[in-house]
Amino acid sequence: MNTVAKLSAYGVALALVAGGAWGAGTAVGPFAGAAGLPGGEDTGHGDAHSGTVAEAAPTDEPGGLASSRGGYTLTPTTTTLTAGTTQPFSFTILGPGGTPVTAYDVEHEKRMHLIVVRRDTAGFQHVHPELAPDGVWSVPLALPQAGSYRVFADFKPAGGSATTLGADVAVAGDFTPAEYQPSRVADVDGYQVRLDGDLAPGKSSKVTLTVTKDGREVTDLQPYLGAYGHLVALRGGDLAYLHVHPDGEPGDGRTKPGPTVTFFAEVPSAGTYRLFLDFQHQGKVRTAEFTVATAGTPASAPQNQTPPPAADDGHGGHG
């Protein structure tokens, strides 16, 4: 499908539920000292990744489908951005009393993880906003192409439950929607990442990612946010969202720094999923992308095989 589509006419979405140490509704955010207090991030991982099943969401609804859930509401300062420029993006999380939340627990070394992706899953970004004393989160955001984007805020209010909220952001202009053929091997920045394992609806599925560079196995992956890899899965059709952490963690005496990173995920339904793996090597975070159908599910044949380029921000917002 090479036809140019208007922003208002497009709405393809992708997402997933359950599995791993970050489940639908798992939260995180930039840490600054004690929970909810600015200053001094990255003082601990926040959990042990001892389990392989995602933390339970407050309801059966997958995370990220709603902007308001469990008494908390994601409220962007603006829902319209300009393509081709880096600009501040800010938002607040309103609590049950209608006032901005200012205290958050630390999970996975951060108090907030913000995932940004266009609704056709192009332009994936994983960034970490900064929190102001008044409860406003902000982060520089570069969206190089027009389209309708979904932002996912993963967080855990101090003493509360892990929550994932989603909202739409529009970037005006014409664009060509991207479609993706099934893929289990990703080439990114000179690295090749292979995905092995099948997703089976309703049960835990083992998925293994193997990282090589120039034909050689990478055996010195670096910890990033307390793990050797982070996996986001987006289910085709509704933007249900899951951020999964691997089985094991650096320094646990059994988990090696590559070449493989293993995840356990439980998908709720048959369908096609887009998977995004963040991994760090030689001081830089890279993202490998995959398109995988659940066992026995035929993937739809794409018509446009060349996705638009993702934002080349070098994951600068990860720090």
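Quick word on the overall build of the chain
Phase 1 of the analysis: Each helix and strand in the chain was counted, giving zero helices and 21 strands.
Phase 2 of the analysis: Long-range pairs, those at least 24 residues apart, make up 72% of the contacts in the chain between residues at least 6 apart in sequence.
Phase 3 of the analysis: Total accessible area on the chain is roughly 12,400 Å²; 51% of this is exposed by carbon and sulfur atoms.

What about the pairing of strand S11 (residues 163-171)?
Phase 1 of the analysis: Burial within S11 is extensive, with seven of its nine residues counted as buried.
Phase 2 of the analysis: Direction of pairing for strand S10 (residues 147-155) relative to S11: antiparallel, over a ladder of nine bridges. Directly across from Ala-153, in S11, lies its bridge partner Leu-165.

Comments concerning the pairing of strand S18 (residues 241-244)
Phase 1 of the analysis: In S18, alternate side chains face the same way, and those of Tyr-241 and His-243 on one face and Leu-242 and Val-244 on the other are all buried.
Phase 2 of the analysis: Joining the antiparallel neighbours strand S17 (residues 230-235) and S18 is a turn of five residues, in which Gly-237 adopts a positive phi near 115 degrees.

Looking at the sheet that holds strand S5 (residues 86-94)
Phase 1 of the analysis: Taking strand neighbours across the sheet as the criterion, the five strands line up as S2-S3-S5-S9-S8 in an open arrangement whose pairing is antiparallel. Each edge of the open sheet carries a strand with a single partner, namely strand S2 (68-69) and strand S8 (130-131).
Phase 2 of the analysis: Across four bridges, the pairing between strand S3 (residues 72-76) and S5 is antiparallel. Bridging from a neighbouring strand, Thr-73 pairs with Leu-94 of S5.

Overview of the side chain of Arg-286
Phase 1 of the analysis: Among the secondary structure elements, Arg-286 is positioned in strand S21 (residues 284-293).
Phase 2 of the analysis: Classification of Arg-286 as buried rests on a relative accessible area of 9%.

Considering the packing of aromatic side chains
Phase 1 of the analysis: In this structure the tally under the stated criterion is seven aromatic pairs.
Phase 2 of the analysis: Among the aromatic residues, those joined into a cluster by ring pairs are Tyr-72, Tyr-104, Trp-137 and Phe-155.
Phase 3 of the analysis: In this arrangement the basic side chain of Arg-274 is found over the ring face of Tyr-180, its NZ or CZ atom lying 3.6 Å from the centre.

Some details on the pattern of salt bridges
Phase 1 of the analysis: Scanning all chains against the criterion turns up twelve salt bridges.
Phase 2 of the analysis: Between Lys-156 and Glu-107 there is a salt bridge whose closest N-O contact spans 3.5 Å. With Lys-156 in the loop between S10 and S11 and Glu-107 in the loop between S5 and strand S6 (113-118), this pair connects stretches of sequence that are 49 residues apart.
Phase 3 of the analysis: Look at Glu-107 and you get buried, because its relative accessible area is 8%.
Phase 4 of the analysis: Residue Asp-247 pairs with Arg-254 through a salt bridge whose shortest N-O separation is 3.4 Å.
Phase 5 of the analysis: Judged by relative accessible area, Asp-247 falls into the partly exposed class, the value being 25%.
Phase 6 of the analysis: Taking relative accessible area as the criterion, Arg-254 reaches 52% and is therefore assigned exposed.
Phase 7 of the analysis: Beyond isolated ion pairs, a larger network of salt bridges with shared partners links Arg-119, Arg-150 and Asp-168.

Some remarks on the nonpolar core
Phase 1 of the analysis: Of all hydrophobic cores here, the largest spans 26 residues; its most connected members are Val-193, Leu-209, Leu-275, Leu-277, Phe-279, Ala-288 and Phe-290.
Phase 2 of the analysis: The set of elements that each furnish at least two residues to this core consists of strand S13 (185-188), strand S14 (191-196), strand S15 (204-213), S17, S18, strand S19 (260-266), strand S20 (272-281) and S21.
Phase 3 of the analysis: No other element matches the four residues that S20 contributes to this core.
Phase 4 of the analysis: Leaving out residues up to four positions away in the same chain, Leu-275 has contacts with Leu-195, Leu-199, Leu-231, Val-232, Ala-233, Ala-288, Glu-289 and Phe-290.
Phase 5 of the analysis: Counting residues in each nonpolar core, the second largest holds 25 residues, with Phe-89, Tyr-104, Leu-114 and Tyr-149 among its members.

Things to note about empty space enclosed by the protein
Phase 1 of the analysis: Tallying each qualifying case throughout the model produces two cavities of 30 Å³ or more.
Phase 2 of the analysis: Space inside the largest cavity adds up to approximately 50 Å³.
Phase 3 of the analysis: Around the largest cavity sit eleven residues that line it, and Leu-199, Val-207, Leu-231, Ala-265 and Leu-275 are the ones nearest its centre.
Phase 4 of the analysis: Within the residue set of the lining of the largest cavity, elements represented by two or more residues are S15, S17 and S19.
Phase 5 of the analysis: At three residues, the largest contribution of residues to the lining of the largest cavity is made by S19.
Phase 6 of the analysis: For the lining of the largest cavity, the per-class residue count stands at ten nonpolar, one polar and no charged.

A look at the environment of Phe-155
Phase 1 of the analysis: Structurally, the position occupied by Phe-155 is in strand S10.
Phase 2 of the analysis: Residues Phe-155 and Tyr-104, spaced 51 residues apart in sequence, show a C-alpha to C-alpha distance of 7.2 Å.

Structural notes on the environment of Thr-294
Phase 1 of the analysis: Relative to the helices and strands, Thr-294 is located in the segment after S21.
Phase 2 of the analysis: Classification of Thr-294 by relative accessible area gives buried; the value is 2%.
Phase 3 of the analysis: For the pair Thr-294 and Ala-270, spaced 24 residues apart in sequence, the C-alpha separation works out to 5.5 Å.
Phase 4 of the analysis: Contact partners of Thr-294, with chain neighbours within four places excluded, come to Leu-199, Pro-201, Val-267, Ser-269, Ala-270, Gly-271 and Tyr-273.

Quick notes on the rules
Residues numbered from 1 in each chain as written. Predicted model: local features only at pLDDT ≥ 70, side-chain atom pairs only at ≥ 80, totals over all residues. Heavy atoms only, no water. Helix = DSSP H or I, 4+ residues; strand = E, 2+ residues; numbered from the N terminus. Contact = heavy atoms within 4.5 Å. Areas by Shrake-Rupley, 256 points an atom, 1.4 Å probe, with all protein chains shown as cover. Buried < 20%, exposed > 50% of the residue type's maximum accessible area, 1.4 Å probe, protein only. Pairing = 2+ DSSP bridges. Phe/Tyr/Trp six-rings, centres within 6.5 Å; stacked < 30°, edge-to-face > 60°. Lys NZ or Arg CZ within 6 Å of the ring centre and 35° of its normal. Salt bridge = Lys/Arg side-chain N within 4 Å of Asp/Glu carboxyl O. Core = buried A, V, L, I, M, F, W, Y, C linked by side-chain atoms within 4.5 Å. 1 Å grid on protein atoms, 1.4 Å probe; cavity = no way out; pocket = protein on both sides within 12 Å on 5 of 7 lines; lining within 4 Å. Points joined across faces, edges and corners; volume = space filled by probe spheres on them. Nonpolar A, V, L, I, M, F, W, Y, C, P; charged D, E, K, R; others polar.

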